[in-house]
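Working through the structure, step by step
In case you want the letters, here they are:
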Amino acid sequence: MKNKRVLITGGAGFIGSNLARRLVMLGANVTLVDSLIPVYGGNLRNIEDIKDRVTLNISDVRDPFAMAYLIRDKHYLFNLAGQTSHMDSMTDPQSDLEINAAAQLSILEACRQYNPSIKIVFASTRQLYGKPEYLPVDEAHPIRPVDVNGINKLAGEWYHLLYNNVYGIRACALRLTNTYGPGMRVKDARQTFLGIWIKSLIEGKPIQVFGDGTQLRDFNYVDDVVEALLLAALDPNADGQVFNLGSKEVVGLLQLAQILSELKPGSDYQVVPFPPERKAIDIGDYYSNFDKFQATLGWQPKIHLKEGLANCLAYYQENQKAYWDSE
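Before going into details, it helps to say that this report is about the structure given with it. Here the structure is a predicted model, which means the values were calculated and not measured.

As a further point, take the layout of surface pockets. By volume, the second largest pocket is sized at about 150 Å³. Around the second largest pocket, the lining comprises 13 residues; the ones closest to its centre are Ser247, Lys248, Glu249, Pro301 and His304. Partitioning the lining of the second largest pocket into residue classes produces 6 nonpolar, 4 polar and 3 charged.

The subject of this paragraph is the pattern of salt bridges. In this structure the tally under the stated criterion is 14 salt bridges. A salt bridge links Lys205 to Glu203, with the nearest nitrogen and oxygen atoms 3.2 Å apart. Take Glu203: its relative accessible area is 31%, and that puts it in the partly exposed class. One salt-bridge network, in which partners are shared between bridges, spans Arg5, Asp73 and Lys74.

Here the focus is the pairing of strand S2 (residues 29–34). Within S2, 5 of the 6 residues are buried, leaving the element largely enclosed by the surrounding structure. Pairing geometry for strand S1 (residues 5–9) and S2, over 5 bridges, is parallel. What sits directly across from Leu7, in S2, is Thr31. Taking the sense of rotation as the criterion, the β-α-β connection linking S1, helix H1 (residues 14–25) and S2 turns out right-handed. Note that S2 and strand S3 (residues 55–58) share 4 bridges and pair parallel.

Under the criterion given, the structure shown has 13 aromatic pairs. Centroid distance Tyr129 to Tyr286: 6.4 Å. Interplanar angle 20°. Geometry classified as stacked. Residue Tyr129 is found in the loop between strand S5 (119–125) and helix H5 (148–167), and its partner Tyr286 is found in the loop between helix H9 (276–279) and helix H10 (291–297); the two are separated by 157 residues along the sequence. Given a relative accessible area of 0%, Tyr286 falls into the buried group. Each ring, one from Phe293 and one from Trp299, has its centre 5.6 Å from the other, and the planes form 45°; the classification is tilted.

On to H1. Between its first and last C-alpha atoms H1 spans 17 Å; for 12 residues at 1.5 Å apiece the expected length is 16 Å, and the two agree. Burial runs high along H1: 9 of the 12 residues are buried. Within H1, the full set of buried residues consists of Phe14, Ile15, Gly16, Ser17, Asn18, Leu19, Ala20, Leu23 and Val24. Next to the buried residues of H1 lie S1, S2, strand S4 (76–79), strand S6 (171–176), strand S7 (178–180) and helix H7 (222–234). Directly beyond the C-terminal end of H1, a positive phi value near 90° is found at Gly27.

All right, on to the environment of Arg126 then. Position of Arg126 among the secondary structure elements: in the loop between S5 and H5. A residue is classified by how much of its surface remains accessible, and Arg126, at 9% relative accessible area, is buried. Remark: the alpha-carbon pair of Arg126 and Phe243, spanning 117 residues in sequence, is separated by 10 Å. If we ignore the near neighbours within four places in the chain, the residues touching Arg126 are Arg175, Leu176, Thr177, Asn178, Arg217, Ile283 and Tyr286.

Let us now look at the packing of helix H8 (residues 253–263) against helix H11 (residues 305–318). In a pair of packed helices, the angle between the axes and the distance between the axes together describe the arrangement. Packing of H8 against H11 leaves a shortest axis separation of 10 Å and a crossing angle of 50°. Looking at the two axes, H8 sits oblique to H11. For the pair H8 and H11, the sense of crossing is right-handed. Seen from H8, the contacting residues are Leu256, Ile259, Leu260, Glu262 and Leu263; seen from H11, they are Leu305, Lys306, Leu309, Ala310 and Leu313. Its residues assigned to classes, the contact of H8 with H11 shows 8 nonpolar, no polar and 2 charged.

With that settled, the discussion passes to the sheet that holds strand S11 (residues 250–252). Pairing in this open sheet of 3 strands is mixed, and the strands run S7-S9-S11 from one edge to the other. Sheet topology places S7 and S11 at the edges, where each strand pairs with a single neighbour. With strand direction ignored, the average angle separating the axes of adjacent strands in the sheet is 50°. Where strand S9 (residues 216–221) and S11 come together, 3 bridges link them in antiparallel fashion. Bridge pairing in S11 places Arg217 opposite Val251. H11 contacts S7, S9 and S11 of the sheet and is inclined by roughly 50° relative to S7.

Next up on the list: the sheet that holds strand S10 (residues 242–244). As summarised here, the arrangement of the 7 strands in space is S3-S2-S1-S4-S5-S6-S10, forming an open sheet in which the pairing is parallel. Two strands close off the open sheet at either side, each with one partner strand: S3 and S10. The sheet shows a mean angle of 20° between the axes of neighbouring strands, direction not considered. Of the pairings in the sheet, the one linking S1 to S4 comprises 4 bridges and is parallel in character. Considered in S4, the bridge of Val6 is made with Tyr76.

Conventions and cut-offs
- Residues numbered from 1 in each chain as written.
- Predicted model: local features only at pLDDT ≥ 70, side-chain atom pairs only at ≥ 80, totals over all residues.
- Heavy atoms only, no water.
- 1 Å grid on protein atoms, 1.4 Å probe; cavity = no way out; pocket = protein on both sides within 12 Å on 5 of 7 lines; lining within 4 Å.
- Points joined across faces, edges and corners; volume = space filled by probe spheres on them.
- Nonpolar A, V, L, I, M, F, W, Y, C, P; charged D, E, K, R; others polar.
- Salt bridge = Lys/Arg side-chain N within 4 Å of Asp/Glu carboxyl O.
- Buried < 20%, exposed > 50% of the residue type's maximum accessible area, 1.4 Å probe, protein only.
- Helix = DSSP H or I, 4+ residues; strand = E, 2+ residues; numbered from the N terminus.
- Pairing = 2+ DSSP bridges.
- Right-handed = clockwise from strand over helix to strand, strands pointing away.
- Phe/Tyr/Trp six-rings, centres within 6.5 Å; stacked < 30°, edge-to-face > 60°.
- Expected span 1.5 Å × (residues − 1).
- Contact = heavy atoms within 4.5 Å.
- Axes fitted to C-alpha atoms, helices over the stretch in contact; angles between N-to-C directions.
- Parallel < 35°, antiparallel > 145°, perpendicular 65-115°, else oblique.
- Left-handed = near helix turned anticlockwise from the far one by under 90°.

And the structure:
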């Protein structure tokens, strides 16, 4: 990546900022594009330590003229911008469609017209599988999204694969599971429920576990996801492919709440009924089979859950003001 020109959409967001930090260390010339619209997770605090080593362009992926300008001379595009809230996608489906599907198509058209040699890594989601028929979920699992977000992310993913297959624009998609770590949105549950759990812990409030707490999940620490994104960008074996990320470390939500509570003595948690609007789109147990990605690119997660959670909690205890006190 040394001296390579890299564009990251959603670059001031959670994953984008962590990726930018790693790319700067590798000697890349990094441009970040972010709308900084408050509900979508962009936060200038995420890039405070590298602000003089990256170029930040405040614009929206829904602006085709801005995107056409920004992608022209880039070697790599990490396409991470998106509307990530499943609940928001149900209350405002049009915005979700514009960001997660229509904007993706216009970005790919800009690549086709102005920079067909670019390599694109698209951040997709495990949400598009819907309620699992079997576990762990592999890439052959039926696709049955349970919310608008899953449908639109699927469209965005398939646009990338189509442009790879038809126009030769090298692209691949990583279906992310629950990604967590420093820089994630914690003031509400728009990005991940873990964020609001950590906020509750720091504020001395009990964690609320919906349902009976037996739901199984897997998690990836953000450093492992950054590694996966870089591998996918650099290895031509990824071109035209879809890969699951995931972890062998599967945990129930009640067990997860217990682990977090132990990391902050005096904390508590409570099991509460599902809110009806969340119950309607809950997928039950989910964890991924990432064997395909491991076999193709050699990736596997390295950060154990308890270590990652401890890092995360320490970060937000130190930086609370930047992530919710000031908003």
